Amino acid sequence: MIDNAPWHRGRPVDWALRRFPHLSLYRLPPYSPQLQPIERLWRPLRQRATHNLLFDEMTELQQALRSGLGYFRTRPHLVLKLFGSLWTTTGLPEA
């Protein structure tokens, strides 16, 4: 599945599909963030790490995001809950 980003179209994509005919690309509809699983994590991460904050330096923003990701890394059950029943905790690699 791919979105409609410009780099997901054009000659390189057409070439790859001709070269590997067993592959199929399914394009997401325009403006459909609800269909991209990462968006389900991105919103609570932004709320936890960057909501209502102004960062003077890029390194401060990076640190806030790392801290937010660390929070979710130690709570895989919350991440799984965000993704619904698509995955279960069985078979997850150890962090």
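That block above? That's the structure.
Below you will find a few notes about this structure. Since the model is a prediction, treat every value here as computed from it, not as a measurement.

**Some words on the overall build of the protein**
Part 1 of the argument: Assigned secondary structure in the protein consists of four helices and zero strands.
Part 2 of the argument: Across the protein, helices and strands are ordered from the amino to the carboxyl terminus as α-α-α-α.
Part 3 of the argument: The 95 residues of the protein split such that 16% are buried.
Part 4 of the argument: Long-range pairs, those at least 24 residues apart, make up 39% of the contacts in the protein with a sequence separation of at least 6.
Part 5 of the argument: Accessible surface for the protein amounts to roughly 8100 Å². Of this, 58% is attributable to carbon and sulfur atoms.

**Comments concerning the nonpolar core**
Part 1 of the argument: Core analysis: the biggest nonpolar cluster contains seven residues, these being Leu 41, Leu 45, Ala 49, Ala 64, Phe 72, Val 79 and Phe 83.
Part 2 of the argument: Of all the elements in the fold, those that place two or more residues in this core are α2 (37-49) and α3 (58-73).
Part 3 of the argument: Looking at which element gives the most residues to this core, the answer is α2, with three residues.
Part 4 of the argument: Residue contacts for Phe 72: discarding those within four places in its chain leaves Leu 41, Pro 44, Leu 45, Arg 48, Val 79 and Leu 82.

**Concerning unusual backbone geometry**
Part 1 of the argument: Even without being glycine, Asn 52 reaches a positive phi, approximately 60°.
Part 2 of the argument: If you trace the backbone, Asn 52 turns up in the loop between α2 and α3.
Part 3 of the argument: Of the residues examined, Asn 52 reaches a relative accessible area of 71% and is grouped as exposed.

**Details of the environment of Tyr 71**
Part 1 of the argument: Here Tyr 71 is to be found in helix α3.
Part 2 of the argument: For the pair Tyr 71 and Leu 45, spaced 26 residues apart in sequence, the C-alpha separation works out to 9.0 Å.

**Brief notes about α2**
Part 1 of the argument: The first and last C-alpha atoms of α2 sit 19 Å apart over 13 residues, in line with the 18 Å expected at 1.5 Å per residue.
Part 2 of the argument: Taken together, the buried positions of α2 are occupied by Leu 41, Pro 44, Leu 45 and Ala 49. One side of α2 carries all its buried residues, which in axial view fall inside an arc of 125°. Projecting away from the buried face of α2 at angles above 90 degrees are the exposed residues Arg 43 and Gln 47.
Part 3 of the argument: Lining the buried residues of α2 we find α3 and α4 (76-82).

**Brief notes about the environment of Leu 28**
Part 1 of the argument: Turning to its location among the elements, Leu 28 is positioned in the loop between α1 (11-19) and α2.
Part 2 of the argument: Once you skip the residues sitting within four places of it in the chain, Leu 28 turns out to touch Met 1, Ile 2, Asp 3, Asn 4, Leu 35 and Gln 36.

Thresholds applied
- Residues numbered from 1 in each chain as written.
- Predicted model: local features only at pLDDT ≥ 70, side-chain atom pairs only at ≥ 80, totals over all residues.
- Heavy atoms only, no water.
- Helix = DSSP H or I, 4+ residues; strand = E, 2+ residues; numbered from the N terminus.
- Buried < 20%, exposed > 50% of the residue type's maximum accessible area, 1.4 Å probe, protein only.
- Contact = heavy atoms within 4.5 Å.
- Areas by Shrake-Rupley, 256 points an atom, 1.4 Å probe, with all protein chains shown as cover.
- Core = buried A, V, L, I, M, F, W, Y, C linked by side-chain atoms within 4.5 Å.
- Expected span 1.5 Å × (residues − 1).
- Arc of directions from axis to C-beta.

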